Amino acid sequence: MVNNNKVVVFMKGVPEQPRCGFSNAVVQILRMHGVQYEAHDVLSDESLRQGIKDFSNWPTIPQVFINGEFVGGCDIMLQMHQSGDLIEELEKVGIKSALLLAKEKEDAEKKS
Ligand SMILES: N[C@@H](CCC(=O)N[C@@H](CS)C(=O)NCC(=O)O)C(=O)O
Ligand code: FES
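What counts, and where the lines are drawn
Residues numbered from 1 in each chain as written. Chains lettered and ligands numbered in written order. Predicted model: local features only at pLDDT ≥ 70, side-chain atom pairs only at ≥ 80, totals over all residues. Heavy atoms only, no water. Pairing = 2+ DSSP bridges. Helix = DSSP H or I, 4+ residues; strand = E, 2+ residues; numbered from the N terminus. Axes fitted to C-alpha atoms, helices over the stretch in contact; angles between N-to-C directions. Contact = heavy atoms within 4.5 Å. Near = heavy atom within 4 Å. Polar contact = N/O pair within 3.5 Å; in protein donor to acceptor, adjacent residues only side chain to side chain. Areas by Shrake-Rupley, 256 points an atom, 1.4 Å probe, with all protein chains shown as cover. Nonpolar A, V, L, I, M, F, W, Y, C, P; charged D, E, K, R; others polar.

Asker: Can you walk me through the sheet that holds strand β5 (residues 63-66) in this structure?
Answerer: In a beta sheet, neighbouring strands pair by backbone hydrogen bonds and run either parallel or antiparallel. With respect to topology, four strands assemble into an open sheet ordered β4-β1-β5-β6, the strand pairing being mixed. Only two strands of the sheet have a single partner each, and these edge strands are β4 (38-41) and β6 (69-72). When strand polarity is set aside, the average angle formed by the axes of neighbouring strands in this sheet is 25 degrees. The strands touched by helix α1 (residues 21-32) within the sheet are β1 (7-11) and β5, with β1 carrying the most contacts at an inclination of about 155 degrees. Each of β1, β4, β5 and β6 is contacted by helix α2 (residues 46-56), which is oriented at about 55 degrees to β5, the strand it contacts most.

Okay, structure coming up:
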């Protein structure tokens, strides 16, 4: 499952309707960066809810995987967003963040 897409998210609810503030925060961060991802609702599958915790050895939901590797939950994603590390991690797997694109556009306009 974690290899189905470059970015895979295990969350409570669905991206269109998150059912927890922590899951909602991850959805909002990924939206800001314009990232396409696959999401799984652990509330609709109790075995997935426990299974993903055992798999990543991380006790809570949400969980974000990039290129099959566990990256973190809400706090880590927020930290990576604020530090700029998220842009770098996405770039490593060939995803260009929408925030980076916007910044490049702005810089180009300043020059011209
Ligand atoms: N500090 C966590 C917040 C997430 C969290 O605390 N999740 C709790 C409440 S939604 C959780 O998953 N508890 C276990 C469960 O509901 O299965 C993070 O950075 O992701
Ligand atoms: S469902 Fe209550 S804090 Fe996430």
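Asker: For this particular structure, what's the right way to read the site of ligand 1?
Answerer: Taken together, the residues surrounding ligand 1 are Lys12, Cys20, Phe22, Arg49, Lys53, Thr60, Ile61, Pro62, Gly73, Cys74 and Asp75. Lys53 places a side-chain nitrogen or oxygen 2.5 Å from an oxygen atom of ligand 1. A total of 500 Å² of accessible area belongs to ligand 1 in isolation, and the protein chains cover 75% of it. Mapped onto the shell around ligand 1, the elements with two or more residues apiece are α2 and α3 (74-83). Residue composition of the shell around ligand 1, by class: five nonpolar, two polar and four charged.

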